[in-house]
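These are the residues of each chain, in order.
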Amino acid sequence: MKLSFDYNNMMESAIGDQGIRDAQVKADAGLLQKAFAQVKANRGKGWQEWTELPYLDKSEIAAMAKDGQVVRRAAKSFVVLGIGGSALGPLSVATALLHFRHNELPPKIRKAPKYYIEDNVDPERMRALLDVIDLRSTYFNVITKSGETSETLAQFLTLYSALKDALGKEEAVKRVLVTTTIGKGALYDIAKAEGFKIYGVGKGVGGRFSVFSPVGLVPLACLGIDIRALLKGARDMAAACIKTAGKSNPALITAYLQVKAMQAGKNVSVMMPYSDALKFMADFYGQLWGESLGKAVDVSGKTVYAGQTPAKSLGVTDQHSQIQLYTEGPFDKVVTFIAVEKFRASEVITDDASIAGCEFLKGRTFNELLDAEFRATRFALAKAKRMNFTVTLPEISAETVGELLMYFMYETAFAGALLNIDAYNQPGVEEGKKATFALMGRKGYEDKMQEVEAAPFDKRYVI
């Protein structure tokens, strides 16, 4: 495990009465052991099939890497069509590991197609995509586990039709890769009928836990990212998370501290990377944490209204927009910092003798300034008795990113076990999906449409 974890500022010894006492951690050792045993016992079973993804057969990994190489050589643009985990997994990793201005680089330097990850159905966005890509040199990866996701199917229908108009059907078929559940859903049926290349998603792999499946690996391979190193990092973190129920288990101890914080009324979890490359890790975490833990009932059917609202923040940008609230507002937040020890670039602040002032900056580096900003913010929060902890990457690489993603997933699993809720279902999401189907006139949803139409609507409260 290359990542390190500092949770001093979650404890009473650092932040006083807003922190957690060591005696409380010791008293709850049995709860930690129970949650650990539950998650470990269910590895690879049911909806915990995601835990086995880092151990994919080498031949499967090689096949995806080879397919990615073919696309990389042929495509000038590569488009992912998906939403939720189908988009956030590839987006968070690609943003972390590719050049920060990847799409703007000259092709000889870029050595991979431009990439676009389309996760919404805003009509202006779709039109804008068609304005910037050349369909004659673009490949598409359509991703939906269920094969029934309205947004992704709408994108696919539009773009596949455009592809056929531009290239003819025979060539258009070669440009579409499909990732879905084998043998299930509208997209699978379409893919079989049209002859698209199909990659399967395991039945026990939920969308938000799917980044180490073909959902993430296929698009990342097409962009030239080392998926073998990504999976190695995931394995290294998994080993740390299933080794012990003690304090050296990073996902278990931080999940426990977060749950204790929730029980003390700290119902907002802020994810704050101090790296632009890791910006979308906050979005990945937000879906994972919010969708997994936000549940009305626990596994016994008791009403609990569990969960902690994820909020995304970026250091240092959001020190100028959010930190005032976090430092002096309600005691309802836990801040998770993601720090980086060694960046892939170093930039010196010019020592311009012709400009008077700013001597404290001249000759120093952006790296030093970023680190000082991080440490200053962490200090200010701790001084104000605000709970926070830090995850540090020694560098940003495929291995460390793999570790970070796997840590997020195990932390979520342990938190779900500690809260006694089902971290893998999403009944709140499903209700909205069914209502969307009804409103769009899908057959079989007539009763739901009647329910939607019967919902109270009082014009007195409309301005």
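Our subject is the structure listed above.
Okay, so let's go over this structure. (Residues numbered from 1 in each chain as written. Predicted model: local features only at pLDDT ≥ 70, side-chain atom pairs only at ≥ 80, totals over all residues. Heavy atoms only, no water.)

What follows covers the environment of methionine 281. Considering the arrangement of structural elements, one finds methionine 281 in helix 14 (residues 281-293). Residue classification places methionine 281 among the buried residues on the basis of a relative accessible area of 0%. For the pair methionine 281 and isoleucine 338, spaced 57 residues apart in sequence, the C-alpha to C-alpha distance is 9.3 Å. In contact with methionine 281, not counting residues within four places along its chain, are Ser92, Val93, Ala96, Ile338, Val401, Leu404, Leu405 and Phe408. (Helix = DSSP H or I, 4+ residues; strand = E, 2+ residues; numbered from the N terminus. Buried < 20%, exposed > 50% of the residue type's maximum accessible area, 1.4 Å probe, protein only. Contact = heavy atoms within 4.5 Å.)

So, on to the packing of helix 5 (residues 85-97) against helix 14. Contact geometry of helix 5 with helix 14 gives a least axis separation of 8 Å together with a crossing angle of 155°. One way to sum up the angle between helix 5 and helix 14 is to call them roughly antiparallel. Relative to helix 14, the crossing made by helix 5 is left-handed. Contacts from Gly85, Leu88, Gly89, Ser92, Val93 and Ala96 in helix 5 reach Met281, Asp283, Phe284 and Gln287 in helix 14. Of the residues assigned to the contact of helix 5 with helix 14, the class counts are five nonpolar, four polar and one charged. (Axes fitted to C-alpha atoms, helices over the stretch in contact; angles between N-to-C directions. Parallel < 35°, antiparallel > 145°, perpendicular 65-115°, else oblique. Left-handed = near helix turned anticlockwise from the far one by under 90°. Nonpolar A, V, L, I, M, F, W, Y, C, P; charged D, E, K, R; others polar.)

With that out of the way, let us pick up the side chain of serine 92. Relative to the helices and strands, serine 92 is located in helix 5. Of note is the side chain of serine 92, whose polar atom sits 3.0 Å from the backbone oxygen of glycine 89. If sequence neighbours within four positions are ignored, serine 92 has contacts with Phe280, Met281, Phe284 and Leu405. (Polar contact = N/O pair within 3.5 Å; in protein donor to acceptor, adjacent residues only side chain to side chain.)

Attention shifts here to unusual backbone geometry. Of note, the amide linkage connecting glycine 315 to valine 316 takes the cis form, showing an omega dihedral of 5°. Relative to the assigned elements, valine 316 resides in the loop between strand 10 (309-312) and helix 15 (323-328). The backbone of lysine 111 sits at a positive phi, close to 60°, despite the residue not being glycine. Here lysine 111 falls in the exposed class, since its relative accessible area comes to 67%. In this model, lysine 385 sits at a positive phi of 65°, which is unusual for a non-glycine residue. For lysine 385, a relative accessible area of 36% translates into the label partly exposed.

Attention now moves to helix 12 (residues 227-241). Taking 1.5 Å per residue as the helical rise, helix 12 with its 15 residues ought to reach 21 Å, and the 21 Å between its terminal C-alpha atoms agrees with that figure. Capping the start of helix 12 is the job of one residue whose side-chain oxygen sits 3.2 Å from the backbone nitrogen of arginine 228: aspartate 226. (Expected span 1.5 Å × (residues − 1).)

The next thing to look at is helix 8 (residues 150-167). An ideal rise of 1.5 Å per residue puts 26 Å on 18 residues; helix 8 measures up with 26 Å between its terminal C-alpha atoms. Inspection of helix 8 places Thr152, Leu153, Gln155, Phe156, Leu159, Tyr160, Ala162 and Leu163 among the buried residues, and these make up the whole buried set. Positioned one or two residues after helix 8, glycine 168 has a phi angle of 90°, which is positive.

Take the packing of aromatic side chains next. Considering all chains together, one arrives at 16 aromatic pairs under this definition. Here tryptophan 50 and tyrosine 410 contribute two aromatic rings whose centre-to-centre distance is 5.1 Å and whose plane-to-plane angle is 65°, an arrangement assigned as edge-to-face. Here tyrosine 410 lies in helix 17 (residues 398-419) and tryptophan 50 lies in the loop between helix 3 (29-41) and helix 4 (58-74), a separation of 360 residues in the sequence. In this structure tyrosine 410 comes out as buried when scored by relative accessible area, which is 0%. The interplanar angle of 45° and the centroid separation of 5.7 Å between the aromatic rings of tyrosine 407 and phenylalanine 408 together place this pair among those described as tilted. (Phe/Tyr/Trp six-rings, centres within 6.5 Å; stacked < 30°, edge-to-face > 60°.)

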